[in-house]
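Structure at a glance
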Amino acid sequence: MIDVRMVIAIAAGVMTMGGGIIAFFQMQTRQNMKIEALQKEVAELKRKQSASTCHQIETEKAIVEINTKLDHIVKAIDELKKSRGIE
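Quick notes on the rules
Residues numbered from 1 in each chain as written. Predicted model: local features only at pLDDT ≥ 70, side-chain atom pairs only at ≥ 80, totals over all residues. Heavy atoms only, no water. Helix = DSSP H or I, 4+ residues; strand = E, 2+ residues; numbered from the N terminus. Rg over C-alpha atoms; globule rule 2.2 N^0.38 Å. Buried < 20%, exposed > 50% of the residue type's maximum accessible area, 1.4 Å probe, protein only. Areas by Shrake-Rupley, 256 points an atom, 1.4 Å probe, with all protein chains shown as cover. Lys, Arg positive; Asp, Glu negative; His and termini not counted. Charge placed at Lys NZ, Arg CZ, Asp CG, Glu CD. Salt bridge = Lys/Arg side-chain N within 4 Å of Asp/Glu carboxyl O. Expected span 1.5 Å × (residues − 1). Polar contact = N/O pair within 3.5 Å; in protein donor to acceptor, adjacent residues only side chain to side chain.

Observations regarding the overall build of the protein chain
- Summing up its helical and strand segments, the protein chain has 1 helix and 0 strands in all.
- Here the C-alpha radius of gyration of the protein chain, 37 Å, is well above what a compact globule of 87 residues would show, namely 12 Å.
- In terms of principal-axis extent, the alpha carbons of the protein chain reach across some 125 × 15 × 10 Å.
- When burial is assessed residue by residue, the protein chain has 0% of its 87 residues classed as buried.
- For the protein chain, the accessible area works out to roughly 8,300 Å², and carbon and sulfur atoms hold 65% of it.
- Where the 13 positive side-chain charges of the protein chain centre and where its 11 negative ones centre are 5 Å apart.

Here you go:
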C-alpha cells in the first residue's frame, strides 16, 4: 500500500526542486539582463572615447597649423627687423 507520508514527502521534494530550478532561471535572467546593460554601457563609453579621440586629434592638428603660422609670422617679423636695421 502507498504510504501517504511518502507521497507527501516526494511531492514536497519535487516542489522544492522545481522552486529551486525556477529561482535559478530567474537569477540567470537577471544576470543576463545586467550583463547586457553593462555591454551597452561599455559600447557607449567606447563610442564616446572614440569621439573624444577624434576631437583631440583635430585639436592637435589645429595647434600644429597655428604653430606653423606663428613660426612664419615670427620669421617675417625678424626679416622686417633686419631689413629696417632694428636689431
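Some details on the pattern of salt bridges
- Under the criterion given, the structure shown has 2 salt bridges.
- Arg47 is the salt-bridge partner of Glu44, the closest N and O atoms lying 2.6 Å from each other. Of this pair, Glu44 and Arg47 both sit in helix 1 (residues 4-84), 3 residues apart, roughly one helical turn.

Some remarks on helix 1
- Over its 81 residues, helix 1 runs 118 Å from end to end, which matches the ideal 120 Å to within 8%, given 1.5 Å per residue.
- Gly85 lies just past helix 1 and shows a positive phi near 70°.

Some thoughts on the environment of Thr59
- Examined against the element boundaries, Thr59 turns out to sit in helix 1.
- When its relative accessible area of 44% is taken as the criterion, Thr59 is described as partly exposed.
- Through-space distance from the C-alpha of Thr59 to that of Lys82 is 34 Å; in sequence the pair is 23 residues apart.
- A polar contact is formed between the side chain of Thr59 and the backbone oxygen of His55, at a distance of 2.8 Å.

What about the environment of Met15?
- The topology assignment puts Met15 in helix 1.
- Judged by its relative accessible area of 65%, Met15 is exposed.
- The sequence separation of Met15 and Lys82 amounts to 67 residues, and the corresponding C-alpha distance is 99 Å.

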